[in-house]
Structures are given as structure tokens and as C-alpha cells.
Amino acid sequence: MCLPPGLRDGGPPATADRGAIIPSSAAGDGVEFRTDTIASFAEVMDQAANVVDQLKAATPRFDGGNLAPVVGIPMIGLVFVGRLNDVADTWADCAEILRGVLEKDGGKLFKVAENYRAANERTVTAIEKTDPWKTAS
């Protein structure tokens, strides 16, 4: 009941657009496969950051402490409401930190995959230009 509709129905969360995602390779080995795996993991981290942010936004909190006697909560219950709010606030703070780490590190992983792909392409080009067997033919 406390979860937003997007989390209750099990639908996929929205993902951040990171530009050109490295295309998946057909082979299960090599640099392309490895960089695809890194990029896929970075996408999962982005999705997890979105879910954590949605959960943070849906954290239940009782803000009507001054209305407690009116809605039928005895004054002694306000102590427990305060504890509930403390737990909710702690969760929200921790969720914000976790979301930030997932987004920041996910972005780094995208960059790592792009750097590995670019380094591999340059290496292959250099090898093709300097291959003595290829030029001798």
C-alpha cells in the first residue's frame, strides 16, 4: 500500500539515457563482450538508483503530530510516531546516499566501457597498420 503504483505492478523503472550504449557482441569472449558486460552492469546500477529514489519518495512519514488527538491517537502514541518518523528519516537519508553512489559509479562504468572500447579499436588499427604479414602480401 505504501509503494507507488510503478513499483507495485512490477513494471520496469525508467532508465537514464547515457547516450550511445555499446552494442552487444555476438561472441561470448573478447573486449567487445567484456565492455558490453560492463555497460549492462552500469545500466542495472542506473535502474537500481531510480528504484531507490522511488522508494525514498514513497517512505511513509506521519507529519500530523499536532492532529494526533483529533484522529484518535492518544498522546502516548506520539512517542511511537516520533520513532517511526526517525526511522523514516534515517531511511530517506540512507536512500539518498545510496542513489547518489549508484548514479555516480554507474556513470563511471559507462565511461570505463567506452574507454576500453576506444583503446581496443586504436590497438586493432595500429596492429593492422604495422602487421608485416599483411603488408608483405
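What counts and what doesn't
Residues numbered from 1 in each chain as written. Predicted model: local features only at pLDDT ≥ 70, side-chain atom pairs only at ≥ 80, totals over all residues. Heavy atoms only, no water. Helix = DSSP H or I, 4+ residues; strand = E, 2+ residues; numbered from the N terminus. Buried < 20%, exposed > 50% of the residue type's maximum accessible area, 1.4 Å probe, protein only. Areas by Shrake-Rupley, 256 points an atom, 1.4 Å probe, with all protein chains shown as cover. Patch = residues over 30% accessible without salt bridge, like charges linked within 9 Å, V, L, I, M, F, W, Y side chains within 5 Å. Salt bridge = Lys/Arg side-chain N within 4 Å of Asp/Glu carboxyl O. pLDDT = per-residue confidence, 0-100. Contact = heavy atoms within 4.5 Å. Core = buried A, V, L, I, M, F, W, Y, C linked by side-chain atoms within 4.5 Å. Expected span 1.5 Å × (residues − 1).

1. A look at the overall build of the chain
Counting its secondary structure elements, the chain contains five helices and zero strands. Overall, the chain shows an N-to-C arrangement of helices and strands of α-α-α-α-α. Evaluated residue by residue, the chain yields a buried proportion of 19% over its 137 residues. Accessible surface computed for the chain: about 9,600 Å², of which carbon and sulfur atoms make up 63%.

2. A few points about a nonpolar patch on the surface
Together, V31, V112 and Y116 give the surface a local cluster of nonpolar side chains, amounting to about 250 Å² of exposed area. Within the secondary structure, V31 is located in helix α2 (residues 31-57).

3. Topic: the confidence of the model for the chain
The predicted model of the chain averages 76 in pLDDT, with 66% of residues at 70 or higher. For the stretch residues 15-27, pLDDT sits under 50, and the model shows 25 contacts to residues farther than four places along the chain or on other chains.

4. Topic: the nonpolar core
The nonpolar side chains of a soluble globular protein tend to be buried with one another. In terms of nonpolar packing, the biggest core is built from five residues, these being M45, A49, V52, A95 and L102. Elements with a contribution of two residues or more to this core: α2 and α4 (77-130). Top contributing element to this core by residue count: α2, with three residues. Setting aside its immediate chain neighbours within four residues, M45 contacts L102, D105, G106 and L109.

5. A closer look at the pattern of salt bridges
Per the stated rule, a full pass over the model turns up seven salt bridges. Salt-bridge contacts for D36 lead to R117; the nearest nitrogen and oxygen are separated by 3.4 Å. Here R117 lies in helix α4 and D36 lies in helix α2, a separation of 81 residues in the sequence. For the pair D36 and R117, one class covers both residues: buried. The partner of K56 in a salt bridge is E96, and the shortest N-O contact between them spans 3.4 Å. Residue K56 is found in helix α2, and its partner E96 is found in helix α4; the two are separated by 40 residues along the sequence. In the salt-bridge network here, residues are joined through shared partners; they are D53, K56, E96, R99 and E103.

6. A look at the environment of N120
Its location among the elements puts N120 in helix α4. Distance from N120 to V31, taken between C-alpha atoms, is 7.2 Å for residues 89 residues apart in sequence.

7. A closer look at α2
Taking 1.5 Å as the rise per residue, α2 with 27 residues should run 39 Å; its terminal C-alpha atoms sit 39 Å apart, in good agreement. Buried within α2 we find T35, D36, A39, A42, M45, D46, A49 and V52.

8. Focus on the side chain of R99
Looking at the secondary structure, you find R99 in helix α4. Apart from residues lying up to four places away in sequence, R99 is in contact with A49, V52 and D53.

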